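One-letter residues, chain by chain:
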Amino acid sequence: MSGASLKSLSSPEWDSLIDDYNLGGAARLDRWTGGAPVLDLCLSSLLRKDILLHLKLHILTFLEHYSLDDSTPPPYFLLRLLDALRSVIQSPSDPFALKDQFLISTTAIFITSQLDNDELSSGSPLTGLVELLLTIINRPNHGLDRHTRGVACECLRQLELAFPCLLSEIIPHLWSLCQSERTHVAQWYVLLLSTTILNIVKLKPSETCIATISNPTMPLIPFNVPQFLIDGIGANFVWKEKENNYKELRRVVAFLLECPQYLTPFGLVELIVAIIPLAEELELQASMLRVQFSWMLYTFEPLLCHVFLGMHMKFLDSFEGQELEVASRILLMSKGTQHHLFFRLLGLHWMLGFFALIVGKDEARKRSIVDMSLRFYPTIFDSLAMKALKLDLLAYCSSLLSSPGDANVVKDVEVDKEAYELKLFKDGLVSVSAFKWLPPWSTETAVAFRSFHQFLIGGSPHCAGFISSTSTFIQSNIFYTLQMLVDSTSEFKGLVPVVVASVDRLLGCHKHRWLGEHILETLDKHLLLKLKIDYSLGSYFPIFEKISENDKVSPSGLLNLLLRFTIFLVEKHGPDTGLRSWHHGSETLGICRTMLVHHQSSSLFTGLSHLLASICLFFPDLEVRDSARFYLRLLICIPGKKLKSILRTGEHLPGISLTTHSGSFFDFQSPQSFPGLRRSSSISSYVHIERVKPLLVKQSWSLSLPNFGTNSDKPGFFEGIRDSEPAKEEWDSDITMSVDIIESEMPRQQNVPLRVMDAKISGIVSELRRHFSSIPDYRHMPGLKIMIPCSLRFDSELLIGKSEVNTAVNAFDEVDQLPAFYATVLKLTSSAPYGLIPSFHIPFLPGSPPKNDKPLSQTDSLAIVPVENGHVEEENFKATVSIELEPREPMPGLVDVFIEANADNGQVIRGELHNISVGIEDMFLRAILPDDVAEVDVPSYYVNLFNALWEACETSSSTGRESFVLKGGKGVAAISGTRSVKLVEVPATSLIEAVERHLAPFVVCVIGETLVDMVKPGGMIKDVVWKDSSSDSCVDITCSPTSSKGPLYLKYFGDEDNGEVVPIASSRKNIGYFQILIFLPPRFHLLFQMEIRDFSTLVRIRTDHWPCLAYVDDYLEALFLD
């Protein structure tokens, strides 16, 4: 780490380095540092003379941020940093701006690095920094470096704040320097002294640190870390009990109290922040502070006024009697138009807080504040923010008048206090709404209604100790202002949204809800009578909605108004009013619905039935008439509680609130009615999910192959899909050439002999390429999917008792009493390679009715019941579930099913159901048909594809190394085939029936005249190639892997190696052949070639996915032998 090994950076390089650090952090600095420490590089550049000042300042800032963001700097770096700082300070050529910034950055780095260091000692780097700073400040009244001395004082102050009592042993020297300094830098010396004195008084590091303040016993330099910082043990005493120490401290405090005249407003704030706790600790008389700092209230500095009010709040008793003087001064400042707006707004905020602090229960103070209220009125040129705060002051005065027992609050006013309160509101509101109401979205309107809200709740504040009579409060004059609200609302319909928002605000408060209800009663009593019946009445529907929601307000007045409005709509209906009539009619029905939900049916039956009947008979819009007829039917036929439940359907989220189907619909109303739902493990006992079509093979195992180092996301089979290689030169397969291949020219060419294809193999490869180009590559596009249809049902017998359902009068009531599941979600997962399985949603699922186990009577036993009806009724209680799988490998597996549903009472049901088995037959798909194949050519295409795959799956096939590009062109696949054989001893008729039932879609060719005559008339197998074996010379070659036309010889026992084998009787006639082509997603194939005889069938199997042979054997046995 020597200086010679450091890379020297130029100014542009430093700029780029700092920009890289700001954008990407420390990780992008290696390209500039060359591996050298960044901190050392910064120090070496700071000492260079060829770097400009502004760049050095940037490097110092970068160094500070780097040391804060990165790890803690090592101790050796702190020593080097201190040496660099010392050299810069002592250099006469370096500018003072660099020295000041160097001091600030070094102090910040030392504080952050040493703050968590519990082992401070005299040998720590911090000692050297303090000595350097003390050396700088120990030159009082020196003119050239006075600003640097101020910065050094501030650095020492920050060190004292970070390490309390660090300078406690040199406090006499600091006091002496404060007394000696006569320049403007004295402010920094005073703040350093006040901070040090405050830490000493609060922490009491020792008894001797103050006793010798006039006669210092320790030198200023060299500096030693106090013992208090090393062991952290202070003295335990009271300063007043130490007479000498107490006197010395009072001398220091007296000196500090004489210093404000030399301080700036910001410095004075810092001084008072230290003086106030110092006075509390020393139990000084607060009157000293009052005398010394009262002048700050009469300045025009917001900071000084704020500090004075904070001092006033801290020592209320000492400032007693000065409250009105303070309030008058603050009010005068807020009225001064020459002041900044923020200062005036701050003054009003201070006044609100100051009044709330001093008022208490003193009647004289309340009277004085109310007397000042005439001075709070907004003026015409006040900004809207000023008007809002002044109206808040008037509302506060109104609340003082509303307090009980304040009959003598108002002085020199001829009217009583309620009239005066009303006067405050009216005169204050003039400032924002005297001329014309602005739009409801305007700020002026918002301020007016905010003030209205403040005046209303002023007599009933939120404080818990306030008790007021509601009846007395409503009878007060302030509520006569509601008549103003009614008049304004009837005249300006644009105020309707603001009135509704104000009512909502009151209704949302628990304590002031009755206020909102009283406003709604007032609007119902006075506003409805003033409204004109015309199309403008639709603007007041939000108020009507609020009135109809409140059950404390009688609905008769609103129903009468709506009836007259309906008659108006019918009379004025014409060709141009169709949409308007529909709109107002729908809104009217919405209010009717709200009344049905929130009011007793008996209280509104007569008026609402007349209104709905009039709409049903005369309203011009058909949709409105139908809806009115529906509501009228509900009102007449359904009791009130059940009617409310029906109308509230959809208002609540499932699983959170109680459902609407309660009480009369079902016999359970609480979660306790479902004891079985509390245990998720018991859900599978009454919720059943089953396959629609059972599997032939109850697969209880699956073959899982390891990846052998391949990606775990890919299938476990060895020959997966891989990315295609870069395009290489294509060779013509019809031309045979002898070419010497040089490894240097084709480095990727495998070291294998060159392949030669004849016309037959070329045709096979061409057919396979055409087929594979239609298979989607599931890595880059959606793959092939299989669907497993299932059914879901649940037994209601376990949820409700049988007797409860059987007591129903008829079957309809029995079904109506059954429980149901709502918003059911089935989450499906599997450990098999089936991809991401989407969840399934069922909106509604009724429960299956309990089985009737009672013995049939003689009459019932003779009854005729259609068999089909029972099946249809059973299907009505099942939901169809489709499980969608995207196999990555054709293998059986299990799908785990998790259910989440909502019961009728709102309870959420969660749990795991029984697994769904996936068999190898679920993977059977027809081969994908290319787009360019005509419909008449489909059978021949499948036959050609079967022959090509049959040849390619031959273990000795010459196409084994050929790779085929999949759809999309990004992936390729190769065929690695294998073959097997199975003898099935079943009659030919049984085998043909099994093939027609289960494998008919996959048959591509039927060979043999006898077999064609047996299969073709049935119509189960169609759209295939029918061949006569006598006319096809290629049958033997294709069908027999040994090309043998003799009888088949098989060994049945292992000990037959040394004996003769038993031949099959040749008298059994060969009926024909089935050629079956099955596609196994995502890209594999399974080929069957069945040689059918009278009493046995030989199934030759070829596939390019040999693990599936483990499942095919069981499948064939289940298909033919069971």
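So, how was this worked out
Residues numbered from 1 in each chain as written. Predicted model: local features only at pLDDT ≥ 70, side-chain atom pairs only at ≥ 80, totals over all residues. Heavy atoms only, no water. Phe/Tyr/Trp six-rings, centres within 6.5 Å; stacked < 30°, edge-to-face > 60°. Buried < 20%, exposed > 50% of the residue type's maximum accessible area, 1.4 Å probe, protein only. Lys NZ or Arg CZ within 6 Å of the ring centre and 35° of its normal. Pairing = 2+ DSSP bridges. Helix = DSSP H or I, 4+ residues; strand = E, 2+ residues; numbered from the N terminus. Axes fitted to C-alpha atoms, helices over the stretch in contact; angles between N-to-C directions. Contact = heavy atoms within 4.5 Å. Nonpolar A, V, L, I, M, F, W, Y, C, P; charged D, E, K, R; others polar. Salt bridge = Lys/Arg side-chain N within 4 Å of Asp/Glu carboxyl O.

Trainee: How should the packing of aromatic side chains be read in this particular structure?
Mentor: Applying the stated rule across the entire model yields 16 aromatic pairs. Here Phe 630 and Tyr 631 contribute two aromatic rings whose centre-to-centre distance is 5.8 Å and whose plane-to-plane angle is 55°, an arrangement assigned as tilted. Looking at Phe 630, the relative accessible area reads 48%, which means it is partly exposed. Through pairs of rings, three or more aromatic residues link up here, namely Tyr 535, Phe 541, Phe 544, Phe 565 and Phe 568. Between the NZ or CZ atom of Lys 99 and the centre of the ring of Phe 96, over which it lies, the distance is 5.0 Å. Above the plane of the ring of Tyr 535 lies Arg 580, whose end atom (NZ or CZ) is 4.3 Å from the centre.

Trainee: I would appreciate a short explanation of the sheet that holds strand 16 (residues 1084–1093) in the present structure.
Mentor: Adjacent strands of a sheet pair through backbone hydrogen bonds, lying either parallel or antiparallel. What the six strands build is an open sheet, ordered 12-17-16-15-13-14; its pairing is mixed. A single partner strand is all that each edge strand has here, and the edge strands are strand 12 (978–984) and strand 14 (1025–1027). Each adjacent strand pair in this sheet contributes to an overall mean axis angle of 15°, direction not counted. Its contacts with the sheet place helix 42 (residues 1109–1121) against strand 12, strand 16 and strand 17 (1097–1103), and it is angled at close to 25° to strand 12.

Trainee: Any chance you could explain the packing of helix 25 (residues 496–507) against helix 26 (residues 513–530) here in plain terms?
Mentor: When two helices pack together, their arrangement is given by the angle between their axes and by how far apart the axes lie. Interhelical geometry of helix 25 versus helix 26 gives an angle of 145° and a closest axis separation of 6 Å. Seen from helix 25, the contacting residues are Val 499, Val 503, Leu 506 and Leu 507; seen from helix 26, they are Arg 513, Leu 515, Gly 516, Glu 517, Ile 519, Leu 520 and Leu 523. When grouped by side-chain class, the residues that make up the contact of helix 25 with helix 26 number eight nonpolar, one polar and two charged.

Trainee: Sorry, what's going on with the sheet that holds strand 1 (residues 687–691) here?
Mentor: The three strands are arranged 1-3-6 in an open sheet whose pairing can be described as antiparallel. Edge strands, defined here as strands with exactly one partner in the open sheet, are strand 1 and strand 6 (879–885). Taken pair by pair, the neighbouring strands of this sheet meet at an average axis angle of 30°, ignoring direction.

Trainee: Please clarify how the pattern of salt bridges should be interpreted in this entry.
Mentor: Think of it this way: side chains of opposite charge can pair up when their charged atoms draw near. According to the stated counting rule, one finds 28 salt bridges in the structure shown. Where Asp 626 meets Arg 629, a salt bridge forms, and the shortest distance between an N and an O atom there is 2.9 Å. Placement of the pair is Asp 626 and Arg 629 together in helix 31 (residues 622–637), with a separation of three residues, close to one helical turn. Relative accessible area serves as the criterion here: at 40%, Asp 626 is assigned to the partly exposed category. Here Arg 770 ties to Asp 932 by a salt bridge, and the two come within 3.3 Å at their closest N and O atoms. Note that Arg 770 is positioned in helix 33 (residues 759–772) and Asp 932 in the loop between strand 9 (916–918) and helix 38 (938–952), a separation of 162 residues in sequence.

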